[in-house]
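Secondary and tertiary structure notes
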Amino acid sequence: MKITFLGTGTSQGVPVIGCTCKVCKSNDLKDKRLRSSVLIETNQVKFTIDAGPDFRQQMLTNKVSKLDAILVTHGHKDHVGGLDDVRAFNFLSKHPMEVFVGKFAKQDIKREFHYAFEEDKYPGAPSIHLNHIENKAFKFKDLEITPIAAQHFKIPVYGYRIGDFAYLTDLKTISEEEINKMSGCKILTISGLRKEPHYSHLNLAEAVELIQKINPEKAYITHISHLMGLHEQVNKELPTNIELAYDGLCVELNSSF
């Protein structure tokens, strides 16, 4: 399994429009963050988790010309705003894009991209096949995927475990039962917005605490705000098996499916 971090930023990305803080003005490319998403490649499939407003740029930057599916965490625009751009993959594959969503994200997508689901839709509109998922494992092309349910303030979100890799973003609370789904994973990616507390996101200390409870071999923090601080400085403050992720980071994992 190859995991590529397409974006590691929060909803505004980094730099933030109009901001002159030291992070937004940094020349370190690791401080430049598109909206959060990962590309996962196995011998069987190639898919992303989420498709935010930077989806087109991320696909071009990483030279992705084939994509089998998109797993959606939740329906906020920074996670689904790029779904219109699946049109390019529709053209290349001659098939609808397979998009896996929970109940509430499905409603959000059908509302925001209503033109993609009309009976007599406009020629050239994106072709999206919504696959409804619940909080139980499912298979796609013989690959088993396990949803991980959490709460983003009052909004239900799904993370996902694929083999020995787990990805969970935009959460504030999670039950012990769902935490147990990540037990034994080798690589964990979890969101950590900033150092200060936030009402709907884990802050850095909370993210580190949850990572240490799950105890993976390696953990990466994503969905990072410019308020977190400089990438290089913050990384020095973290335990040895935890790092801030950055755009373009690639991780390879020998995993059983």
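Model, not experiment: these values are computed from the prediction.

1. Remarks on the pattern of salt bridges
- All chains considered together, the criterion is met by 14 salt bridges.
- R35 serves as the salt-bridge partner of D54, at 2.7 Å between the closest nitrogen and oxygen. Of this pair, D54 sits in the loop between β3 (46-49) and α1 (55-61) while R35 sits in the loop between β1 (2-7) and β2 (37-41), placing them 19 residues apart in sequence.
- The partner of K46 in a salt bridge is E41, and the shortest N-O contact between them spans 3.5 Å.
- With relative accessibility at 21%, the residue K46 sits in the partly exposed group.

2. Examining the layout of surface pockets
- What the largest pocket holds in volume is close to 270 Å³.
- In terms of lining residues, the largest pocket is bounded by 19 residues, among which S11, H152, H198, S200 and H201 are the most central.
- Class assignment for the residues of the lining of the largest pocket results in five nonpolar, eleven polar and three charged.

3. Considerations on empty space enclosed by the protein
- In the structure shown here, the tally under the stated rule is one cavity of 30 Å³ or more.
- One number sums up the size of the largest cavity: a volume of about 50 Å³.
- Around the largest cavity, the lining residues are V14, V23, D31, R33, I224, S225, H226, M228, G229, L230, H231 and L244.
- Taken together, the residues that form the lining of the largest cavity break down as six nonpolar, four polar and two charged.

4. Quick word on the environment of P239
- Locating P239 in the fold gives a position in the loop between α7 (231-236) and β13 (242-244).
- P239 sits 27 residues away from Q212 along the chain, and the two C-alpha atoms are 9.4 Å apart.
- Those residues in contact with P239, other than ones at most four positions away along the chain, are V208 and Q212.

Procedures and definitions
- Residues numbered from 1 in each chain as written.
- Predicted model: local features only at pLDDT ≥ 70, side-chain atom pairs only at ≥ 80, totals over all residues.
- Heavy atoms only, no water.
- Salt bridge = Lys/Arg side-chain N within 4 Å of Asp/Glu carboxyl O.
- Helix = DSSP H or I, 4+ residues; strand = E, 2+ residues; numbered from the N terminus.
- Buried < 20%, exposed > 50% of the residue type's maximum accessible area, 1.4 Å probe, protein only.
- 1 Å grid on protein atoms, 1.4 Å probe; cavity = no way out; pocket = protein on both sides within 12 Å on 5 of 7 lines; lining within 4 Å.
- Points joined across faces, edges and corners; volume = space filled by probe spheres on them.
- Nonpolar A, V, L, I, M, F, W, Y, C, P; charged D, E, K, R; others polar.
- Contact = heavy atoms within 4.5 Å.

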